[in-house]
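Take a look at the letters that make up each chain.
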Amino acid sequence: MDFSLWASGFPGLLWELEHRRSRIRLLNGWMLSSLGEDTSRLLKDVRFRRRVVMKSDHTLLGEFWEMVTSRQAAMVSFRLNASPHQACVLQGWPDPQDPEKYYGMLKEGVLSATFVANGSAGTCQLALGGAQYPVLVLSLDEREIVTCNEAAQTLFEGAARGGGDFMLEDIAPGEMGETLLAASRQALEEEIWAGTLMLRSGTGSLLGSKVRISPCSTGTDIVRIALLNIPENPASCTLAPCEDSVAMPSLREGLERLLARCPEVEGLMFSDIQSARGKVQVYGVGRLFSSLEWGASHAYEGTIAQDIERFSLDSLIVEDTLDSIKSIDWAMFIPCGVRSYFAKPFYAAEGLHAVLIFAFGNPSPGGVSEAAFRPLYEPFARLVACWRASVM
């Protein structure tokens, strides 16, 4: 059977996701009656999802996308504010031959709001799905790990005193625990927190893990904590030391000078990565970023930096932001008129510290050549190092 003919008659929206590019491609034109042409934004724009999906189902939907990003088969049902008595179903599965591709469908359904991962249904508190990364459920009031999956049990085996259930201080003693609690409280207020936290494994060694925290619908003081394992940093640019900060221009002037050296670029942005605080701050120059607040703060979740660290990317090209599933693209780049960009990470001893972004006002179907930008890497690294020295 001809696939295009079959897809055109399928009673749901079929889609294909490319993980490393965070790019989604629609395979047919099906729409939900309550959303119309905005149906595809359910798959792309996290802020749009939070506006149109019933709040009680936000956590379920967030867990689904966490499984998608981890390339695991998953399914979730949820309801829209506009039609609370009609369930919607999202289902996805990885390509068995190409690990970079993931397929899925969105359709109407009659299921109650439950989360399903690899055939196992339940709430985030009692069934943690088939996640291969460690997942824990924490009670903030009791400072106790309520439950965890097998990967977490393996990682923290031996941490519990007496070999039974373990408390917060068993895996995050002292200041580490207070930092984790603060991030968890922020997740309860804002529905999600993502960033870097320090924990102690069962062997006693310290580990800095990329963490995603979300509320559980079963209690106001219960959160789900996913430890997203990140590969070693790729061979990439490092931040050079600042040799003479007096001779260096200001951050804004320095970025404007760099932008002037690449006239085809319509906007240049420095993203200051603060994953330990769960945020990034951005500084942009050029036409596309003329209205953007200097030093605007954004949550780390859904940023370019998160994708770079999650997939160990040496660089990131987004050929069309309207096909993107990153929340930062919909929250900032698209409103600024950015349709494509090239991003380059820069590392310091502690890990990813900065991302340099070259932005364009038009889509770039053929991609972007990095060669033209390489001469700017070293002066950018010096500029950022001197800027850091001046503000510390």
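The paragraphs below set out a description of the structure included in this document.

Rules used in this analysis
- Residues numbered from 1 in each chain as written.
- Predicted model: local features only at pLDDT ≥ 70, side-chain atom pairs only at ≥ 80, totals over all residues.
- Heavy atoms only, no water.
- Pairing = 2+ DSSP bridges.
- Helix = DSSP H or I, 4+ residues; strand = E, 2+ residues; numbered from the N terminus.
- Axes fitted to C-alpha atoms, helices over the stretch in contact; angles between N-to-C directions.
- Contact = heavy atoms within 4.5 Å.
- Phe/Tyr/Trp six-rings, centres within 6.5 Å; stacked < 30°, edge-to-face > 60°.
- Buried < 20%, exposed > 50% of the residue type's maximum accessible area, 1.4 Å probe, protein only.
- Expected span 1.5 Å × (residues − 1).
- Arc of directions from axis to C-beta.

### Some details on the sheet that holds strand β10 (residues 193-200)
Working step 1: Spatially, the five strands line up as an open sheet ordered β9-β8-β12-β11-β10, and their pairing is antiparallel. Looking at strand neighbours, the two that pair on one side only are β9 (144-148) and β10, the edges of this open sheet. Strand-to-strand twist across the sheet, computed as the mean angle between neighbouring axes with direction ignored, equals 35°.
Working step 2: When strand β8 (residues 135-139) meets strand β12 (residues 222-228), the two strands line up antiparallel, connected through five bridges. Bridge pairing in β12 places leucine 136 opposite isoleucine 225.
Working step 3: In this fold helix α7 (residues 175-190) packs onto β8, β10, β11 (206-215) and β12, with an angle of close to 155° to the strand it touches most, β10.

### Overview of the packing of aromatic side chains
Working step 1: All chains considered together, the criterion is met by 15 aromatic pairs.
Working step 2: With 5.6 Å between their ring centres and 20° between their planes, phenylalanine 270 and tyrosine 283 make a pair best called stacked. With phenylalanine 270 in strand β14 (residues 267-274) and tyrosine 283 in strand β15 (residues 279-285), the pair connects residues that are 13 residues apart, well separated along the chain.
Working step 3: For tyrosine 283, a relative accessible area of 8% puts it in the buried group.
Working step 4: Arranged with centres 5.8 Å apart and planes meeting at 70°, the rings of phenylalanine 270 and phenylalanine 380 form a pair that is edge-to-face. Here phenylalanine 270, found in strand β14, pairs with phenylalanine 380, found in helix α11 (residues 377-391); they are 110 residues apart in sequence, far enough to count as distant.

### A short note on α7
Counting along an α-helix, one turn takes 3.6 residues, and residues three or four places apart therefore face a common direction.
Working step 1: Between its terminal C-alpha atoms α7 stretches 22 Å, which fits the 22 Å expected from 16 residues at 1.5 Å a residue.
Working step 2: For α7, the full list of buried residues reads Met176, Gly177, Leu180, Leu181, Ala183, Ser184 and Ala187. Here the buried residues of α7 occupy an arc of 165° about the axis, which is enough to place them on one side. Along α7, exposed side chains directed more than 90 degrees from the buried face belong to Glu175 and Glu189.
Working step 3: Buried residues in α7 make contact with β8, α6 (168-171), β10, β11 and β12.
Working step 4: Phi turns positive, to about 80°, at glutamate 191, one or two residues after α7.

Shape is all these values report; function is a separate question.
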